[in-house]
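Chain and residue survey
These are the residues of each chain, in order.
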Amino acid sequence: MTAWALAQKKKNHTVALVPTMGCLHEGHLSLVDRAKQHGDVVVMSIFVNPMQFGPNEDLDAYPRQFEEDCTLAKERGVDLVFAPADSEMYGSRFQTSITVKDLSVGLCGVDRPGHFDGVATVVTKLFNITAADFAVFGEKDFQQLSIIRRLVDDLNMNVKIIPGPIVRETDGLAMSSRNKYLEGADREIALCLSRGISKAKDLVASGVAAVDQVLAEVEKIIAEAGASLEYAEIVDSGSLKKQEVIDDSSVLTVAAKIGGKVRLIDNSKIMS
Ligand code: AMP
């Protein structure tokens, strides 16, 4: 992988990386379009990173469809798919972990302790291995994007982070590899996340400024749908700190479990 990337650089080609865990959908592929706007060549990594899964999470059950992913990636213009084995990424002597402290503890960090250490560590490895000049990340994983921006800045990494907007199904559900797990009525129930966000935006647009009132409405929509809320918070988009007053930088971010097992996340700027 690195030899290929360095050979590209010798030809004065820039490298744009799209890191994924595979099971590709239009959300991932939209990031490839972004990557092509920035880099001369596009690398997609497909790696279900064991370091970012907790002991009781869905590492083994995580959906995998490698051959189909390669076809989709190629059709969309990816030049090279990098899909290392776990043992290549984490040899038996591996012992390094990167922590982006404050940004990693709230929101998803509460229910997934250690998750963002796994993300920060694997992303650092992927940047080094692929010699990426650009790396594209979806706003769907809003906390992850903030953490990676901080990581790159803090460690003076020579890679420019490009965000990509959330891609949704026509009914509003944010695309996710985990949507494959939604069975029967759960697919409909899952809409409560995007519905809650829309309602919150409407309330704010109509003049409601109290964070508690907006969040209470979101919580009600999620509870009535029969999903179990992990969190609904309004945070500053830069610091991820909870806000008391809604402003231009406010992001509403939500995580809920559907049918007791499928954990979904969604977010949106609340004043847009
Ligand atoms: P994953 O394979 O879930 O680790 O996601 C790989 C990349 O795709 C991450 O940067 C995600 O934020 C991004 N992504 C996942 N779903 C979406 C979506 N619906 N819209 C935009 N980007 C997405």
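Just above sits the structure.
Structural notes, computed from the coordinates. (Residues numbered from 1 in each chain as written. Predicted model: local features only at pLDDT ≥ 70, side-chain atom pairs only at ≥ 80, totals over all residues. Heavy atoms only, no water.)

Some points on the side chain of threonine 124
Locating threonine 124 in the fold gives a position in helix 6 (residues 115-130). Residue contacts for threonine 124: discarding those within four places in its chain leaves Ile98, Leu151 and Met157. (Helix = DSSP H or I, 4+ residues; strand = E, 2+ residues; numbered from the N terminus. Contact = heavy atoms within 4.5 Å.)

Notes on the pattern of salt bridges
Counting across every chain of the model gives 13 salt bridges. Among the salt bridges present, the one from aspartate 171 reaches arginine 187, with a minimum N-O distance of 2.9 Å. With a gap of 16 residues between them, aspartate 171 in the loop between strand 5 (160-164) and helix 8 (186-189) and arginine 187 in helix 8 connect regions that are remote in the sequence. Using a relative accessible area of 27% as the deciding quantity, one classes arginine 187 as partly exposed. Between glutamate 230 and lysine 257 there is a salt bridge whose closest N-O contact spans 3.9 Å. Of this pair, glutamate 230 sits in strand 6 (residues 228-236) while lysine 257 sits in strand 7 (residues 250-258); the two residues are 27 residues apart in sequence, bridging distant segments of the chain. The structure contains a network of salt bridges with shared partners spanning Glu26, Asp33 and Arg76. (Salt bridge = Lys/Arg side-chain N within 4 Å of Asp/Glu carboxyl O. Buried < 20%, exposed > 50% of the residue type's maximum accessible area, 1.4 Å probe, protein only.)

Observations concerning helix 9 (residues 192-205)
Between its terminal C-alpha atoms helix 9 stretches 20 Å, which fits the 20 Å expected from 14 residues at 1.5 Å a residue. Among the residues making up helix 9, those that are buried are Cys192, Leu193, Ser194, Gly196, Ile197, Ala200, Leu203 and Val204. Just beyond helix 9, the residue with positive phi is glycine 207, at close to 110 degrees. (Expected span 1.5 Å × (residues − 1).)

A word on the pairing of strand 7
Two faces make up the sheet, and in a regular strand the side chains alternate between them. Counted residue by residue, strand 7 has eight buried out of nine residues, so it is predominantly covered. Across eight bridges, the pairing between strand 6 and strand 7 is antiparallel. Within strand 7, the position partnered with tyrosine 231 by the bridge is alanine 255. Hairpin connection from strand 7 to strand 8 (residues 262-269): three residues lie between these consecutive antiparallel strands, with glycine 259 at a positive phi of about 60 degrees. (Pairing = 2+ DSSP bridges.)

Re the site of the ligand
Close to the ligand lie 17 residues, the nearest being His28, Gly138, Asp141, Val167 and Met175. Contact distances for the ligand include 2.9 Å between an oxygen atom and a backbone N or O atom of glycine 138. Listed by contribution, the elements that provide at least two residues to the shell around the ligand are strand 1 (15-20), helix 2 (26-38) and strand 4 (134-138). Among the residues forming the shell around the ligand, the class breakdown is nine nonpolar, six polar and two charged. (Near = heavy atom within 4 Å. Polar contact = N/O pair within 3.5 Å; in protein donor to acceptor, adjacent residues only side chain to side chain. Nonpolar A, V, L, I, M, F, W, Y, C, P; charged D, E, K, R; others polar.)

Things to note about the side chain of serine 194
Summarising the element assignment, serine 194 is placed in helix 9. Serine 194 sits in the buried class, given a relative accessible area of 11%. Here glycine 172 takes part through its backbone oxygen, which lies 3.5 Å from a polar atom of the side chain of serine 194. One polar contact links the side chain of serine 194 to the main-chain carbonyl oxygen of leucine 191, over a distance of 3.2 Å. When residues no more than four places from it in sequence are discounted, the contact partners of serine 194 are Arg168, Gly172, Leu173 and Asp266.

Points about the environment of threonine 130
Its place among the elements puts threonine 130 in helix 6. Discounting residues that sit within four places of it in the chain, threonine 130 has contacts with Met1, Ala5, Val15, Leu17 and Val43.

Notes on the nonpolar core
Grouped together as the largest cluster of nonpolar side chains are 40 residues, with contacts concentrated most on Val123, Phe127, Phe137, Ile148, Val159 and Ile161. Elements with a contribution of two residues or more to this core: strand 1, strand 2 (41-46), strand 3 (80-82), helix 6, strand 4, helix 7 (142-154), strand 6 and strand 7. With eight residues, the top contributor of residues to this core is helix 6. Contacts of valine 159, omitting those with residues within four sequence positions, involve Phe127, Ala132, Asp133, Phe134, Ala135 and Val152. Counting 34 residues, the second-largest nonpolar core is a separate cluster that includes Ile189, Ala190, Leu252 and Leu264. (Core = buried A, V, L, I, M, F, W, Y, C linked by side-chain atoms within 4.5 Å.)

Quick look at the environment of valine 245
You can see valine 245 is positioned in the loop between strand 6 and strand 7. Here the alpha-carbon distance between valine 245 and leucine 215, two residues 30 residues apart in the chain, equals 12 Å.

Function cannot be read off these values alone, since they describe shape.
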